[in-house]
Amino acid sequence: MEDVIVIGAGIVGLATAREVLRRKPGSSVLVLEKADDVATAQTGHNSGVIHAGLYYAPGSLKARLCRIGERATKEYCEEHGIQYSSIGKLVVATDDLEVERMGKLAVRAAQNGIELERIDADRLSELEPHVRGRAALLSPATGIVDYREISRAMAAEVTDLGGRIVLRSQVHAIRESASDVTVESSTGTHRTRRLIACAGLQADRVAAMGGLDIDFRIIPFRGEYYQLPHDRSDIVEHLIYPVPDPELPFLGVHLSPTIDGRVTVGPNAVIGFSRERYPKGSVSLRDTADFATYPGLWRFAKGQIRTGVDEMRASLFPRRYLELVRKYCPSLTLEDLHPYPAGIRAQAITHRGESVEDFLFRSTGRQLHVCNAPSPAATSAMPIAGLIADQLDGAA
Ligand SMILES: Cc1cc2nc3c(=O)[nH]c(=O)nc-3n(C[C@H](O)[C@H](O)[C@H](O)COP(=O)(O)OP(=O)(O)OC[C@H]3O[C@@H](n4cnc5c(N)ncnc54)[C@H](O)[C@@H]3O)c2cc1C
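Residues numbered from 1 in each chain as written. Predicted model: local features only at pLDDT ≥ 70, side-chain atom pairs only at ≥ 80, totals over all residues. Heavy atoms only, no water.

Enquirer: I keep staring at the pairing of strand S2 (residues 29-32) and nothing clicks. Help me out?
Expert: Walk down a regular strand and you will see the side chains alternate between the two sheet faces. Of the two faces of S2, the one holding Val-29 and Val-31 and the one holding Leu-30 and Leu-32 are both buried throughout. Sheet topology note: the strand S1 (residues 2-7)/S2 ladder contains four bridges and is parallel. Bridge assignment links Ile-7 to a residue of S2, and that residue is Leu-32. At this point the chain moves from S1, through helix H1 (residues 11-23), to the parallel S2, and the crossover so formed is right-handed. Strand direction decides the pairing type here: S2 and strand S9 (residues 164-166), joined by three bridges, are parallel. (Buried < 20%, exposed > 50% of the residue type's maximum accessible area, 1.4 Å probe, protein only. Helix = DSSP H or I, 4+ residues; strand = E, 2+ residues; numbered from the N terminus. Pairing = 2+ DSSP bridges. Right-handed = clockwise from strand over helix to strand, strands pointing away.)

Right under this line is the structure:
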């Protein structure tokens, strides 16, 4: 019998296994991961940004945990010799509406205790000669890292602390009784006192397997990127973001220097026809049927038709995609957009058609499921793990 089984070796699952073992050395912790490596899903296909936490609703888990996570992530990198850089972020407003939204964003960031500097157009072009805008917010704490490296370091810690990570182990059934939880996987049957599911794009299915009565479905949103050619990778020094539309759950196409010296452009947000296949045009009949028959998605889509069509156009036509970036970086051309792998976000949408904004957890007597952990959950993985471990301690 295990003390704890964790489903999923993305950054949230690994941070959780690590935290449990650090708090209770000697306990038996087993991580079951269906892929053939750690961090292959969202954790391995993201923008690599250490978010400072400016965007999130004051008082939300995202606001609190991101702020703690930004520092924890940098400290972790320092302790483990992982390269990161606090290059800072500029949120650039290009027209009246965006200037107004930027003002509201600055208020929100202040409520969240995030350090920001408001800069004018002249200062912006001093800092970033290739970027144009009416004004911008500078977040000096925002940084970049490779979350796969952090995940690998966490996986090594888990095994050093006596935990086990079993790869190619897909969980397909969960049964809870008064005394334990039985987990059936492709590598065998396991019993545990507590089960923690950190299954990302499969969170709804794994929660349903565990017998939870859930009122949401995971909808896959593809985030498609390009990268700039190497001779343009000095075009920006900071992360350059547009001012987000407050009605949308995503941050808009940005320019991101990466820790390995590239600059990525993206991601957009279009519905994915597969939760786990990355090449463009990938279709899974099961995944498509799941969302096509889900009334919550149609309710959500009703309010987003214009944005959905715009995003789809940008996905299909690189020229349209380019327009989004040229708004603030006009010197970019179509020739600058080189292919780069896409990511797929797991976003919970409720039956009522609302996108779940905050991190969401659901539990039963012996199970805890991380049901919604979109961005900034990579930044916030360690404090999320702390929260989960607190719940286990409370239940012990
Ligand atoms: C395009 C994109 C850009 C992003 N940018 C950022 C960013 O810059 N900064 C940031 O902080 N966050 C960002 N995020 C969000 C961040 O990547 C995720 O919030 C985070 O990686 C979630 O980690 P996770 O461990 O919950 O999920 P995942 O990394 O998706 O891991 C879940 C794991 O569970 C496994 N699994 C699922 N079902 C089963 C099963 N039945 N049995 C066994 N294993 C199973 C999967 O194989 C997978 O490995 C971005 C996400 C995307 C997609």
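Let us keep going from here.
Enquirer: Can you walk me through the side chain of Arg-275 in this structure?
Expert: Positionally, Arg-275 belongs in the loop between strand S17 (270-271) and helix H7 (285-292). A polar contact is formed between the side chain of Arg-275 and the side chain of Asp-204, at a distance of 2.8 Å. What Arg-275 contacts, discounting residues up to four positions off in sequence, is Leu-201, Gln-202, Asp-204, Arg-205, Arg-217, Ile-218, Pro-220, Asp-287, Asp-290 and Ile-344. (Polar contact = N/O pair within 3.5 Å; in protein donor to acceptor, adjacent residues only side chain to side chain. Contact = heavy atoms within 4.5 Å.)

Enquirer: Help me out: how do you make sense of the packing of aromatic side chains in this one?
Expert: The geometry of an aromatic ring pair is captured by the separation of the ring centres together with the interplanar angle, meaning the angle of the planes. Evaluation of the coordinates by the stated rule reveals five aromatic pairs. Here the aromatic rings of Tyr-55 and Tyr-56 are separated by 6.0 Å at their centres, their planes lie at 65°, and the arrangement is edge-to-face. By the burial criterion, Tyr-55 is buried, and Tyr-56 matches it. Here the aromatic rings of Tyr-226 and Tyr-321 are separated by 4.9 Å at their centres, their planes lie at 85°, and the arrangement is edge-to-face. Note that Tyr-226 is positioned in strand S13 (residues 216-227) and Tyr-321 in helix H10 (residues 318-326), a separation of 95 residues in sequence. (Phe/Tyr/Trp six-rings, centres within 6.5 Å; stacked < 30°, edge-to-face > 60°.)

Enquirer: Would you mind going over the environment of Glu-354 with me for this structure?
Expert: Inspection of the secondary structure puts Glu-354 in the loop between strand S18 (338-350) and strand S19 (360-363). On the basis of relative accessible area, Glu-354 is assigned to the partly exposed category, the value being 41%. When the C-alpha positions of Glu-354 and Ala-301 are compared, they lie 9.6 Å apart, and in sequence the two are 53 residues distant. Aside from chain neighbours lying at most four places away, what touches Glu-354 is Ala-348 and Ile-349. At 3.4 Å, the side chain of Glu-354 forms a polar contact with the side chain of Arg-352.

Enquirer: How do you make sense of the packing of H1 against helix H5 (residues 147-160) when you look at a structure like this?
Expert: Think of two packed helices as two axes; the pair is described by the angle between the axes and how far apart they sit. Relative orientation of the contacting elements H1 and H5 amounts to 30°, with a least axis distance of 9 Å. In this structure, H1 crosses over H5, and the sense of that crossing is left-handed. Only Tyr-147, Ile-150, Ser-151, Met-154, Ala-155, Glu-157 and Val-158 of H5 make contact with H1, whose side of the interface consists of Ile-11, Leu-14, Ala-15, Ala-17, Arg-18, Leu-21 and Arg-22. Residue classes in the contact of H1 with H5 are distributed as ten nonpolar, one polar and three charged. (Axes fitted to C-alpha atoms, helices over the stretch in contact; angles between N-to-C directions. Left-handed = near helix turned anticlockwise from the far one by under 90°. Nonpolar A, V, L, I, M, F, W, Y, C, P; charged D, E, K, R; others polar.)

Enquirer: What am I meant to see in the side chain of Lys-62 here?
Expert: Mapped onto the fold, Lys-62 is located in helix H2 (residues 61-80). Salt bridges are absent for the buried Lys-62, whose nearest opposite-charge side chain, Glu-357, sits at 4.9 Å. One polar contact links the side chain of Lys-62 to the main-chain carbonyl oxygen of Ser-375, over a distance of 3.3 Å. Residue contacts for Lys-62: discarding those within four places in its chain leaves Tyr-56, Glu-357, Asp-358, Phe-359, Pro-374, Ser-375 and Pro-376. (Lys, Arg positive; Asp, Glu negative; His and termini not counted. Salt bridge = Lys/Arg side-chain N within 4 Å of Asp/Glu carboxyl O.)

Enquirer: Explain H7 here, please?
Expert: Because each turn of an α-helix spans 3.6 residues, side chains separated by three or four positions in sequence point in the same direction. The set of residues buried in H7 consists of Asp-287, Thr-288 and Phe-291. Buried residues in H7, looked at end-on, bunch into an arc of 95°, giving them a common side. Facing away from the buried side of H7 by over 90 degrees, the exposed positions are Leu-285 and Arg-286. Structurally, H7 contributes buried residues whose contacts are with helix H6 (203-209), S13, S17 and helix H8 (295-302). (Arc of directions from axis to C-beta.)

The quantities given are spatial measurements derived from coordinates; they are silent on function.
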